[in-house]
Amino acid sequence: LIENLQGVNSLLVVGDLSIQSIENLNSLEGLNNLMAVNSPAGATASISQNPALIDLAGLESLQEINGTLRVDSNENLISLDGLENLQTLADNLEIKSNPNLQSIESLSGLIEVPFLLHIGSNPELESLQGLQNLGSTFVLNISGNHSLTNLEGLNSLSSVLDIIIYDNDGMTSLEGLDNLSLAEGNVELSQNELLNNIENLSNLSIIGGLIIQENPS
């Protein structure tokens with residue numbers, strides 16, 4: 001039964017990283033020296049469907065992913081601890097369908113997500129703190145996070161193409177988007193049951209389209 005990744009301790013760089021569906025894996029220890037996931041064609045680091053993982057400890061040396069980071073469907077994942085030194089992503093950041101995830105604070109080294117930033121279907125996530133240094137992304141999708149009450153943590157975000165804020169049952173305001181000034185695509189706010197104002201969009205001066213629908217409050 002594989003419970004950790006001891007045995008690959010000498011790895012410094014890999015082209016792709018996929019840790020998936022390992023039932024008894026409770027630690028990523030063994031990847032402690034991994035500094036980069038880097039492939040000329042675009043790399044993917046995917047950690048998914050590992051029910052015994054509670055954090056990402058073991059990835060503390062990881063600084064660069066030349067592509068996408070995907071963390072999804074890890075049933076008992078509580079935090080992203082282990083990613084504190086991640087500074088560079090070339091494509092997407094996808095954190096989704098982790099039913100017990102409570103914190104993404106370990107993403108604080110990121111200043112840019114060039115394409116898609118998707119935080120979705122993490123019902124216990126109460127805060128976006130960890131993204132406070134993020135200045136820009138292409139598409140921002142915050143959806144299905146029912147414990148989020150606002151968007152605090154996105155306070156440095158100044159420009160996007162599209163914004164989708166969808167189906168966040170506990171969200172009452174867009175606090176955290178106060179510094180957003182440019183959204184050249186669409187801003188969509190839909191099916192956020194308790195959302196009662198959009199005052200925090202007051203600095204938006206350029207917008208491609210505005211869609212507000214089915215926010216009953």
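As shown above, the structure is provided for reference.
Residues numbered from 1 in each chain as written. Predicted model: local features only at pLDDT ≥ 70, side-chain atom pairs only at ≥ 80, totals over all residues. Heavy atoms only, no water.

**Student:** For this particular structure, what's the right way to read the sheet that holds strand β1 (residues 13-14)?
**Tutor:** Paired through backbone hydrogen bonds, the strands of a sheet run either parallel or antiparallel to each other. What the 4 strands build is an open sheet, ordered β1-β3-β5-β7; its pairing is parallel. Lying at the two open borders of the sheet, with one neighbouring strand each, are β1 and β7 (88-89). With 2 bridges joining them, strand β5 (residues 64-65) and β7 adopt parallel strand pairing. Along β7, the bridge assignment pairs glutamate 64 with threonine 88. (Pairing = 2+ DSSP bridges. Helix = DSSP H or I, 4+ residues; strand = E, 2+ residues; numbered from the N terminus.)

**Student:** Is there a simple way to explain the side chain of aspartate 72 in this structure?
**Tutor:** Tracing the chain through its elements places aspartate 72 in strand β6 (residues 67-72). No salt bridge is formed by the buried aspartate 72; the nearest opposite charge belongs to arginine 70, separated by 4.9 Å. In this structure, aspartate 72 is in contact with Ile47, Ser48, Gln49, Lys96, Ser97 and Asn98, ignoring residues within four places of it in sequence. (Buried < 20%, exposed > 50% of the residue type's maximum accessible area, 1.4 Å probe, protein only. Lys, Arg positive; Asp, Glu negative; His and termini not counted. Salt bridge = Lys/Arg side-chain N within 4 Å of Asp/Glu carboxyl O. Contact = heavy atoms within 4.5 Å.)

**Student:** Explain the environment of isoleucine 198 here, please?
**Tutor:** Here isoleucine 198 is to be found in the loop between β13 (182-190) and β14 (206-213). Residue classification places isoleucine 198 among the partly exposed residues on the basis of a relative accessible area of 36%. Expressed as a C-alpha distance, the spacing of isoleucine 198 and glutamate 175, which sit 23 residues apart in the sequence, is 8.5 Å. Excluding residues that lie within four positions of it along the chain, isoleucine 198 makes contacts with Leu174, Leu189 and Ile212.

**Student:** I would appreciate a short explanation of the pairing of β6 in the present structure.
**Tutor:** Side-chain positions along a regular strand alternate between the two faces of the sheet. Taken across its 6 residues, β6 has 5 buried, putting it largely inside the fold. Bridge count between β6 and strand β8 (residues 93-96): 4 bridges; the pairing is parallel. Opposite aspartate 72, over in β8, you have lysine 96 as the bridge partner.

**Student:** Can you help me understand the pattern of salt bridges in this one?
**Tutor:** Opposite charge on two side chains permits pairing when their charged atoms draw close. Counted according to the given criterion, the structure contains 2 salt bridges. Put simply, arginine 70 and glutamate 94 hold a salt bridge, and the shortest N to O gap is 3.0 Å. Residue arginine 70 is located in strand β6, and its partner glutamate 94 is located in strand β8; the two are separated by 24 residues in the primary sequence. Glutamate 94 gets classed as buried once you look at its relative accessible area, which sits at 8%. Across the pair lysine 96 and glutamate 94 runs a salt bridge, and its minimum N-O distance is 3.4 Å. Under the relative-accessibility criterion, lysine 96 is labelled partly exposed at 24%. What you see here is one network of salt bridges that share partners, running through Arg70, Glu94 and Lys96.

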